[in-house]
Structures are given as structure tokens and as C-alpha cells.
Amino acid sequence: IPCIYYGTEQGFDGGGDNDMYVREAMFGGKWGAFDTTGVQFFNPENPIYRGIAQIAKIRAENRTLRYGREYFREISGNGKDFGHPIDGHCTLALSRVLDADEMLVALNLDAQPRKDCVELDPNLSPPGSKMKDLIGGQEVIVEQSTGGAPFIRVPLDSHEIAIFKHL
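Residues numbered from 1 in each chain as written. Predicted model: local features only at pLDDT ≥ 70, side-chain atom pairs only at ≥ 80, totals over all residues. Heavy atoms only, no water.

J.: I'd like a rundown of the nonpolar core, residues and numbers included.
T.: By size, the foremost hydrophobic cluster in this structure holds 15 residues, and its most contacted members are Leu 104, Val 118, Leu 120, Met 131, Ile 152, Val 154 and Phe 164. For this core, the elements supplying multiple residues, two or more each, are strand 4 (101-108), strand 9 (150-156) and strand 10 (161-166). A per-element tally of this core places strand 9 first, with three residues. Those residues within four positions of Phe 164 in sequence are excluded, and the remaining contacts are Met 103, Leu 104, Met 131, Lys 132, Asp 133, Gln 138, Val 140, Ile 152 and Val 154. Within the second largest apolar cluster, six residues are counted, among which are Ile 58, Leu 65, Leu 94 and Val 105. (Core = buried A, V, L, I, M, F, W, Y, C linked by side-chain atoms within 4.5 Å. Buried < 20%, exposed > 50% of the residue type's maximum accessible area, 1.4 Å probe, protein only. Helix = DSSP H or I, 4+ residues; strand = E, 2+ residues; numbered from the N terminus. Contact = heavy atoms within 4.5 Å.)

Here you go:
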């Protein structure tokens, strides 16, 4: 079950060495840091809130994301040499697999844009098949590496996420 720390959806930083600073008040109340007592900070138009709501809706609509087995996927910068990420400047990718359905979740952990190739299950994602990013709408074609593994190229902006589903 996904877990989001209180205030993340509003962009709260949660910093400080005192509980009054760490747990910023979202809905006002009798206490608050920096003279925020009684002030309401919940904003359903916040872009972080809206992004989380979009991802939650996609998850609710796709059984594979809710119940599928999870497999971390190898990545490659050139489509030939695949391996698991070795640092935090990478695309982190995982598949959720339920029965004969594979969905891919890819996150750019880097501050720079990335265009990594991500391996897929050879039995569920054959070369030539198509996948669509349910967040950004882009469609990609599953390719085949020289070693025979299927993969897709996943262009992601800084700290962007994509959720791919077969068409």
C-alpha cells in the first residue's frame, strides 16, 4: 500500500529539530510554527497534490498496479549494456506483473533529464508491441536488445515519473 508522509502533497518540508517545526499544521488549529496558529494551508490545486491524485487514480483503475508482483528492472544508457542502477543518478524502474499483464513504473531520480532503456519481461512484452505512459500520454514501441531482451526507451525530465501499460 503506498504511503505518503503527512504534508508531502502540499510541499511541506518537515524540517527542524522540534515537533512544532516538523509537523506543520495543514488545517489550522490551536498551534503552529512561525505564527501560523489557525491558518489553513491545504490547497487542492497544489501541483504536487494534483500529481499524487493522478497517480492514485491510475493505480485505482489498474489491478496490475494494485496486486501485481513487483520486479525491479535493469536499465541501459545505450540499449545494449543492461544492469541494475548503482547510484542515485539513474532511472529506477520496476514492473508490476499480474497474470499475463505487465506494467512498468519508471522514476528519474536525477536532477537532469534522462533517456534510459528499461528491460521488460520477454514473455509478456514482445518486441514490436506498444506501451503508453498513463501520466504523460506518450506511446513507445518495445524494442529488442542485441542480447534478445525486450526494452523500451523512457525519456524522463528531472524527477519525473511514468507509468506504462500495454496497448
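From this point, the narrative continues.
J.: Kindly report on the packing of aromatic side chains, identifying the contributing residues and their values.
T.: Geometry of an aromatic ring pair is reported as the spacing of the ring centres plus the angle between the planes. Across all of its chains, the model carries two aromatic pairs by this definition. Relative to Phe 151, the ring of Phe 82 has its centre 5.6 Å away and its plane inclined at 55°; by these criteria the two rings are tilted. Of this pair, Phe 82 sits in the loop between strand 2 (75-76) and strand 3 (91-98) while Phe 151 sits in strand 9, and the two are 69 residues apart along the sequence. (Phe/Tyr/Trp six-rings, centres within 6.5 Å; stacked < 30°, edge-to-face > 60°.)

J.: Give a description of the sheet that holds strand 5 (residues 114-119) that names residues and reports values.
T.: Pairing is antiparallel in the open sheet, where four strands are placed in the order 2-5-9-8. Only two strands of the sheet have a single partner each, and these edge strands are strand 2 and strand 8 (143-144). Looking at chain direction, strand 5 and strand 9 are connected through six bridges and run antiparallel. Along strand 9, the bridge assignment pairs Val 118 with Ile 152. (Pairing = 2+ DSSP bridges.)

J.: Go over unusual backbone geometry, please, and point to the residues and values.
T.: In most cases, non-glycine residues show a negative phi, while peptide bonds are predominantly trans. For Asp 99, which is not a glycine, the phi torsion comes out positive at approximately 60°. Mapped onto the elements, Asp 99 comes out in the loop between strand 3 and strand 4. Given a relative accessible area of 71%, Asp 99 falls into the exposed group. Look at His 159: it is not a glycine, yet its phi comes out positive at around 55°. We classify His 159 as exposed; its relative accessible area is 54%.

J.: Can you lay out the environment of Ile 58 for me, pointing to particular residues and giving the numbers?
T.: For Ile 58, the location among the structural elements is in helix 2 (residues 47-61). Assessed through its relative accessible area of 6%, Ile 58 is described here as buried. Excluding residues that lie within four positions of it along the chain, Ile 58 makes contacts with Leu 65, Leu 134, Ile 135 and Ile 163.

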